[in-house]
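Listed here are the chains, written in short residue letters.
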Amino acid sequence: MQAFREAILAGAGGEELAALPLPSSYRAAYVSRDDAAMFEGVESNDKDPRKSLHVGDVAVPELAPDEAYVAVMAGAINFNTVWTSIFEPLPTFGFLDRLGKESSWGARHALPYHVVGSDASGVVIRTGSAVRNWKPGDKVTIHCNYVDDQDPSAHDDSMLGANQRIWGFETNFGGLADLTVVKANQLMPKPTHLTWEEAAVNALCNSTAYRMLVSRNGAAMQQGHKVLIWGATGGIGSYAVQHVLNGGGTPIGVVSSPAKAELLADMGVEAIIDRKAANYRFWKDEHTQDESEWRRLGKDIRALAGDDPDIVFEHPGRQTMGASVFVCKRGGVIVTCAATSGYMIEYDNRHLWMRLKTIKGSHFANYREAWDANQLIYDGKVQPPLSAVYPLTEVGEATYQVHHNLHEGKIGVLCLAPEEGLGIDDPEKRAAIGEDRITAFRRHGA
Ligand code: NAP
């Protein structure tokens, strides 16, 4: 891929890129099927991605008619790469094997290794014969909704597709690599004012937060809504905060340190709770929750925001769900996309039904939602919360940081991009949006 790197950095056009020969192998971050049992008997927290994530050469797969090869300039760490690298809750090879049985093109994915990564920015270098809207030379970001458009179930909301998958998690050939293979309907225009690494970190978390809060498929937030956001400076939380502020709502942001509280204040959030300082004990012990602690959180929210939250942006799961259901306003929505601290959830159902609340499940976003969320980045209305950048060779350490909640916002990974700061095509737009706004997390994380 070295020739593609040099050509892209030299500003080569589509014809030039299309004429370069494809290599037979490429550098990628992957986990090995042989390692799937390596952490057996080890506590979750001690399962170390630095031991399971390898960086090395893998074969370039054949291109299906509806796909594109993208030269990846930068990728990003998502929590799903943590799950894959610690083989929890299950090794992801089961997903690849299932896809492998679906079709002859699907069979390419069932391999002894899984190339991870569900975010990327880069340049299209080849397209399959059925691709209409994209061509070599197009600068793109990639969203991770992998949809089989021949399945009728995918034609209302593609997230309802019976065999909907997440690229780089439930499919092979992900974005933490110098090359990736994606369906053409995963491609979106790269925001022209951003660097490769700033552009790479957004699609997964921004689209997820957009569907959860803004889309009618999620909580359909309205102006004036108060929204409790757990992990408000984390991956999805930092986009949720921006969507709420943009939409005329009031975010109540929960974080776990004074430094994160300061960052949140810089983003324009006034109602901030430091959960470590408040020392909430929602669970008395492993089996018993403490309603008085839910009540204390509710009081703190009212004191800060003047009312109960219309929407709770929920993802920590077991640790917080009981409290989230309790504090949500009468008639409000608890919208959830995850369960980082445990998926066997417990809440008091009386608080749900007597106060007519709704728990709404949400998962990534369909192409329309991802495209609209990308447009907000493109137009400079949502900023990339990029706080740290690692080279691909240190992908294990970058994933370790996310696993242990040592990061803020998003961590970017340089793939073909040799250094930070490259890829800006529209410096005037960047200046108009404001360097300070675009790099707020990076300066904070530095
Ligand atoms: P992240 O960057 O690690 O952020 C998560 C935040 O949650 C942390 O910053 C932390 O903030 C907070 N948190 C962690 N444990 C907590 C606990 N026990 N109680 C309260 N807050 C806690 O991860 P992310 O990218 O935002 O992803 C969050 C979760 O959503 C992950 O499980 C991920 O797999 C999932 N996810 C799902 C989808 C989907 O499509 N379904 C998409 C994206 C992400 P503080 O320590 O500052 O409070």
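The structure under discussion appears in the preceding block.
Residues numbered from 1 in each chain as written. Predicted model: local features only at pLDDT ≥ 70, side-chain atom pairs only at ≥ 80, totals over all residues. Heavy atoms only, no water.

Reading across from one edge, 2-1-4 is the order of the three strands in this open sheet, with antiparallel pairing throughout. Single-partner strands in this sheet number two, and they are strand 2 (54–59) and strand 4 (113–115). Each strand axis lies, on average, 60° off the axis of its neighbour in the sheet, ignoring direction. Relative to strand 2, strand 1 (residues 25–32) is paired through six bridges, and the arrangement is antiparallel. When the bridges of strand 2 are listed, Ala28 appears paired with Gly56. Where helix 5 (residues 93–102) meets the sheet, it contacts strand 1 and strand 4, and its direction lies at approximately 95° from that of strand 4. (Pairing = 2+ DSSP bridges. Helix = DSSP H or I, 4+ residues; strand = E, 2+ residues; numbered from the N terminus. Axes fitted to C-alpha atoms, helices over the stretch in contact; angles between N-to-C directions. Contact = heavy atoms within 4.5 Å.)

With that out of the way, let us pick up the packing of helix 7 (residues 203–213) against helix 14 (residues 367–378). Across the interface, helix 7 lies against helix 14 with an axial gap of 9 Å and an inter-helix angle of 115°. With respect to helix 14, the element helix 7 is oriented roughly perpendicular. Helix 14 is crossed by helix 7, and the crossing has right-handed handedness. Seen from helix 7, the contacting residues are Asn206, Ser207, Tyr210 and Arg211; seen from helix 14, they are Glu369, Ala370, Asp372, Ala373, Asn374, Leu376 and Ile377. Split by residue class, the contact of helix 7 with helix 14 holds five nonpolar, three polar and three charged. (Parallel < 35°, antiparallel > 145°, perpendicular 65-115°, else oblique. Left-handed = near helix turned anticlockwise from the far one by under 90°. Nonpolar A, V, L, I, M, F, W, Y, C, P; charged D, E, K, R; others polar.)

Here helix 8 (residues 235–246) is 12 residues long and its end C-alpha atoms lie 18 Å apart, about the 16 Å a rise of 1.5 Å per residue gives. Of all 12 residues making up helix 8, 10 are buried, and the element is well covered by its neighbours. Among the residues of helix 8, those classed as buried are Gly235, Ile236, Gly237, Ser238, Tyr239, Ala240, Val241, Gln242, His243 and Val244. Positioned one or two residues after helix 8, Gly248 has a phi angle of 80°, which is positive. (Expected span 1.5 Å × (residues − 1). Buried < 20%, exposed > 50% of the residue type's maximum accessible area, 1.4 Å probe, protein only.)

Turning our attention to the packing of helix 7 against helix 8. The description of two helices packed together rests on the angle between their axes and the distance between the axes. Axis separation between helix 7 and helix 8 bottoms out at 8 Å; the angle between their running directions is 50°. In terms of axis orientation, helix 7 runs oblique to helix 8. The two elements helix 7 and helix 8 cross, and the hand of that crossing is right-handed. For the pair helix 7 and helix 8, the contacting residues are Cys205, Asn206, Thr208, Ala209, Tyr210 and Leu213 in the first and Gly235, Ile236, Tyr239, Ala240, His243 and Val244 in the second.

A word on the sheet that holds strand 18 (residues 358–361). Taking strand neighbours across the sheet as the criterion, the six strands line up as 13-12-11-16-17-18 in an open arrangement whose pairing is parallel. Of all strands in the sheet, those bounded by a partner on one side alone are strand 13 (271–274) and strand 18. Neighbouring strand axes in the sheet, compared pairwise and without regard to direction, differ in orientation by 20° on average. Of the strand pairs in this sheet, strand 12 (residues 250–255) and strand 13 are connected by four bridges, and their pairing is parallel. Bridge pairing in strand 13 places Val254 opposite Ile273. Packed onto the sheet, helix 11 (residues 291–305) meets strand 11 (226–229), strand 12 and strand 13 and runs at close to 150° relative to strand 13.

The next subject is the pattern of salt bridges. By the definition in use, this model includes 22 salt bridges. With a shortest N-O distance of 3.0 Å, Lys139 and Asp425 are connected by a salt bridge. Of this pair, Lys139 sits in strand 6 (residues 139–142) while Asp425 sits in the loop between strand 20 (410–414) and helix 16 (427–433), and the two are 286 residues apart along the sequence. The class of Asp425 is partly exposed, set by a relative accessible area of 44%. (Salt bridge = Lys/Arg side-chain N within 4 Å of Asp/Glu carboxyl O.)

Omega for the bond connecting Glu88 with Pro89 falls within 30 degrees of zero, at -15°, which places this linkage in the cis form. Within the secondary structure layout, Pro89 lies in the loop between helix 4 (79–85) and helix 5. The backbone of Phe87 shows a phi angle near 55°, a positive value even though the residue is not glycine. Residue placement: Phe87 occurs in the loop between helix 4 and helix 5. Residue classification places Phe87 among the buried residues on the basis of a relative accessible area of 6%. With phi around 60°, Phe173 is a residue other than glycine that occupies positive phi space.

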